[in-house]
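Chain residues, written in single-letter form:
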Number of protein chains: 2
Amino acid sequence: MTELFSPKELLRCADCPIRKRAVCAYCEPAELADLDAIKSYKTFAAGETMVWSGDVVSHFSSIVSGVATLSQTLDDGRRQMVGLLLPSDFIGRPGRGQITFDVEAKTEVTVCRFECRPFEVLLGKIPHLRERLLDMTMDDLDAAREWMLVLGRKTAREKIASFLAIVARRVLSVEGAMPERDLEFDVMLTREAMADYLGLTLETVSRQMNALKKDGVIVLEKKRAIKVPVFSRLVAETGDDTGFSF
Amino acid sequence: MTELFSPKELLRCADCPIRKRAVCAYCEPAELADLDAIKSYKTFAAGETMVWSGDVVSHFSSIVSGVATLSQTLDDGRRQMVGLLLPSDFIGRPGRGQITFDVEAKTEVTVCRFECRPFEVLLGKIPHLRERLLDMTMDDLDAAREWMLVLGRKTAREKIASFLAIVARRVLSVEGAMPERDLEFDVMLTREAMADYLGLTLETVSRQMNALKKDGVIVLEKKRAIKVPVFSRLVAETGDDTGFSF
DNA sequence: CGTGAGTTTGAGTGCGCTCAAGCTTAGTGG
DNA sequence: CCACTAAGCTTGAGCGCACTCAAACTCACG
């Protein structure tokens, strides 16, 4: 997840780590060539704001490596994260030049990007591209709706447990199967970013993380490094057994 | 909005009240004929559950008239509404047979519906259809993300004001321009449904509605019938001036 | 070591929840 | 036409979870 990619190594789409999940996933080799012709890579430093809300964007991007967030801010400083962007996630909205959210790199982030106009032309030309974009947008919508349940109806403790379960599933599903026991992964966010994700304060996040630790649901080894001895134990703390469709 | 449609009157798509906003909006007359061939109408009574979470659905639907909601329920009864469905909104997810939310008719609801398989075939055949579905899904995603800010970061009073502003914009935009003064519209939901929408209890909704009334921001004439003397006054109570993109 | 970002912990407060009546309104049948 | 009913709405009292404010601690990095 956190290993760094040198853009040079990525010139060939066939070797791309997100080839099977990104917006280009459904494309045939011939169609890929069209995309290849207009793509370029760019890397952002951790902490850098990739796009400001209201900006007219010049490119659509796919995250190749790293973690970014989508968030909104109220005039008085209250913030709410509305999207967690992991490798293969798409940034931008074809058919609309503006973006209405801030996009921030939380780790070093490398994106594969396309100028808007040429990409929109390809969208019209390659059905596979539009098809994949539709599926990804629907997945994002489902995720947003699950998240609304978390924000609207769960307690602080349940929110933290839900967040950890979501991240565990997303991070670990990238690298294959998900074991039931002794999961280890990294929440790549600060306590403050987690608070923005969950509609809490950073103090409450800290308290609940330590409460889950004290109760043996999780093991905290280096603040961000999480170990989950028994995954179903964590899921039981989320308040719903239905799980998430991430 | 609440006038009743007789399905017989709707047989011709050209006369359809949602012709310009529904999933078929981008279709040419010839393409419309294909859809027309597989469509049928169905009406649900107010209060009826149109689809249960987990159901395998046989049809995709467009709301022609009435109001429906999309919601999730936790095992212990906590509920969160995750979508408010007004005329022209689409129900169902092509490419996936199941639905993971409850769909409930809040008023009498008439839908124009298509069997899944034939509709999916047309999706492959008519680019305009896929294009419109993508745009609608992206609009839904934007709406869900605005809503997440409301759920995660706003006070009860701000939530109510945001809700009223959203409904005013959606309801009134259907019938043309939106005046700044003396808006009148109907929140078609009970206090309980509003609470499910906003992540509040029905008591808190009631208290805050009456607080806004006492402060002259809104006029309550028949519990559900809202009058807004000065719209910007209401928007000022939402906590953000940016407004909503509904 | 010194610095600063990130995190933890404590004490006190208040917003929205819970529980409990009572009220309003529309619909139904005598 | 009115009593009866039930669903929806309002109002009050009290409580508790998560917030606010404040201070101390941890740890990576110069």
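See the structure above.
All values reported here derive from a predicted model rather than from experimental measurement.

Peer 1: When you look at the overall build of chain A in this model, what are you seeing that I'm missing?
Peer 2: For chain A, the count of helices and strands is 7 helices and 11 strands. A compact globule built from 246 residues would reach a C-alpha radius of gyration of about 18 Å, and chain A, at 18 Å, matches this within 12%. Dimensions of chain A, computed from the C-alpha atoms along their principal axes, are close to 55 × 45 × 30 Å. Within chain A, the fraction of its 246 residues that count as buried is 56%. In chain A, 74% of the contacts between residues at least 6 apart in sequence involve partners at least 24 apart. Surface summary for chain A: the accessible area is close to 10,600 Å², and the carbon and sulfur share equals 51%.

Peer 1: I'm lost on the packing of helix H2 (residues 116-125) of chain B against helix H3 (residues 127-153) of chain B in this one. Help?
Peer 2: In helix packing, the relevant descriptors are the interaxial angle and the interaxial distance, both defined with respect to the helix axes. Residues and elements named next belong to chain B. Interaxial distance between H2 and H3 falls to 5 Å at its minimum, and their mutual angle equals 100 degrees. In terms of their interaxial angle, H2 and H3 are classed as roughly perpendicular. Between H2 and H3, the residues in contact are Phe119, Leu122, Leu123, Gly124 and Lys125 and Pro127, Leu129, Arg130 and Leu133, respectively.

Peer 1: What should I look at first to understand the protein's contact with DNA strand C in this one?
Peer 2: In the vicinity of DNA strand C lie 17 residues, with Arg191(A), Ser206(A), Arg224(A), Ala156(B) and Thr204(B) positioned nearest. Each atom of DNA strand C within 4 Å of the protein was assigned to sugar, phosphate or base; sugar and phosphate come to 62%. At a separation of 2.9 Å, a base nitrogen of DNA strand C approaches a polar side-chain atom of Arg207(A). Taken together, the elements giving at least two residues each to the surface near DNA strand C come down to helix H6 (202-214) of chain A together with helix H6 (202-214) of chain B. Per-element tally for the surface near DNA strand C: the top contributor is H6(A), with 5 residues. Looking at the surface near DNA strand C, its residues break down into 3 nonpolar, 7 polar and 7 charged.

Peer 1: Whenever I open this one, the protein's contact with DNA strand D confuses me. Can you help?
Peer 2: Near DNA strand D you find 17 residues, and of these Ala156(A), Thr204(A), Arg191(B), Ser206(B) and Arg207(B) are the closest. In DNA strand D, atoms within 4 Å of the protein come 63% from sugar and phosphate. Note that a phosphate oxygen of DNA strand D is positioned 3.1 Å from one of the side-chain N or O atoms of Thr201(A). Between DNA strand D and the protein, one listed contact pairs a phosphate oxygen with a side-chain N or O atom of Asn210(B) at 3.4 Å. Among the secondary structure elements, those contributing two or more residues to the surface near DNA strand D are H6 of chain A together with H6 of chain B. Sorting elements by how many residues they give to the surface near DNA strand D places H6(B) first, with 5 residues. Per-class residue counts for the surface near DNA strand D are 3 nonpolar, 7 polar and 7 charged.

Peer 1: Looking at this structure, I do not really get the relation of the copies chain B and chain A. What am I missing?
Peer 2: Each of the two chain copies can be generated from the other by rotation about an axis followed by a shift along it. The two copies are related by a screw motion: chain B maps onto chain A through a turn of 180 degrees and a shift of 0.0 Å along the axis, at an RMSD of 0.0 Å. Both chain copies can therefore be described as sitting about a two-fold axis. By residue overlap, the copies meet face to face through one surface: 98% of the interface positions of chain B are interface positions in chain A.

Peer 1: Help me understand the packing of aromatic side chains in this model?
Peer 2: Between two aromatic rings, the relevant description is the distance of the centres plus the angle of the planes. All names here are of chain A. Within the structure shown, the criterion is met by 12 aromatic pairs over all chains. Relative to Tyr197, the ring of Trp147 lies with its centre 3.9 Å away and its plane at 20 degrees, an arrangement referred to as stacked. Taken as a pair, Trp147 in helix H3 (residues 127-153) and Tyr197 in helix H5 (residues 191-198) lie far apart in primary sequence, 50 residues in all. For the pair formed by Trp147 and Tyr197, the shared burial category is buried. Feature note: the residues Phe60, Phe90, Phe114 and Phe119 constitute an aromatic cluster, connected by ring pairs.

Peer 1: What's the story with H6(B) in this structure? I'm lost.
Peer 2: Helical periodicity: at 3.6 residues per turn, an α-helix aligns residues three or four positions apart in one direction. Residue and element names in this part refer to chain B. Across its 13 residues, H6 extends 18 Å between first and last C-alpha, which sits within 8% of the 18 Å expected from 1.5 Å per residue. All of the buried residues in H6 are Val205, Gln208, Met209, Ala211 and Leu212. The arc enclosing the buried residues of H6, seen along the axis, measures out at 160 degrees, which places them on a common side. Among the exposed residues of H6, those oriented more than 90 degrees off its buried face are Arg207 and Lys214.

Peer 1: Even after reading the chapter, I still don't get the nonpolar core, so can you show me in this structure?
Peer 2: In summary, soluble globular proteins display a tendency toward joint burial of nonpolar side chains. Counting 168 residues, the largest nonpolar core has Met50(A), Leu164(A), Met50(B) and Leu164(B) as the members making the most contacts within it. Residue contacts for Leu164(A): discarding those within four places in its chain leaves Phe185(A), Val187(A), Met209(A), Leu212(A), Ile218(A), Ile226(A) and Leu234(A).

Peer 1: Please explain the sheet that holds strand S11 (residues 225-230) of chain A as it appears in this structure.
Peer 2: Backbone hydrogen bonds hold the strands of a sheet together, and the pairing may be parallel or antiparallel. Residues and elements named next belong to chain A. Strand order in the open sheet formed by 3 strands is S9-S11-S10, and the pairing between neighbours is antiparallel. A single partner strand is all that each edge strand has here, and the edge strands are strand S9 (181-186) and strand S10 (219-220). In this sheet, S11 lies alongside S9 in antiparallel orientation, the contact comprising 5 bridges. The residue bridging Arg181 from the neighbouring strand is Val230, located in S11.

Peer 1: Help me understand the pairing of strand S4 (residues 68-73) of chain B in this model?
Peer 2: The side chains of a regular strand alternate between both faces of the sheet. Residues and elements named next belong to chain B. Among the 6 residues in S4, 5 count as buried, and that is most of the element. The pairing of S4 with strand S5 (residues 79-85) spans 6 bridges and is classified as antiparallel. For Ser71, the partnering residue across the bridge sits in S5 and is Met81. A loop of 5 residues connects S4 with S5, the two strands running antiparallel in sequence, and Gly77 in this loop sits at a positive phi of about 105 degrees. Bridging between S4 and strand S7 (residues 102-105) involves 4 bridges; their strand directions are antiparallel. Bridged to Ala68 within S7 is Ala105.

Reading the values: rules and limits
Residues numbered from 1 in each chain as written. Chains lettered and ligands numbered in written order. Predicted model: local features only at pLDDT ≥ 70, side-chain atom pairs only at ≥ 80, totals over all residues. Heavy atoms only, no water. Helix = DSSP H or I, 4+ residues; strand = E, 2+ residues; numbered from the N terminus. Rg over C-alpha atoms; globule rule 2.2 N^0.38 Å. Buried < 20%, exposed > 50% of the residue type's maximum accessible area, 1.4 Å probe, protein only. Contact = heavy atoms within 4.5 Å. Areas by Shrake-Rupley, 256 points an atom, 1.4 Å probe, with all protein chains shown as cover. Axes fitted to C-alpha atoms, helices over the stretch in contact; angles between N-to-C directions. Parallel < 35°, antiparallel > 145°, perpendicular 65-115°, else oblique. Near = heavy atom within 4 Å. Polar contact = N/O pair within 3.5 Å; in protein donor to acceptor, adjacent residues only side chain to side chain. Nonpolar A, V, L, I, M, F, W, Y, C, P; charged D, E, K, R; others polar. Least-squares fit on C-alpha atoms with pLDDT ≥ 70 in both. Phe/Tyr/Trp six-rings, centres within 6.5 Å; stacked < 30°, edge-to-face > 60°. Expected span 1.5 Å × (residues − 1). Arc of directions from axis to C-beta. Core = buried A, V, L, I, M, F, W, Y, C linked by side-chain atoms within 4.5 Å. Pairing = 2+ DSSP bridges.

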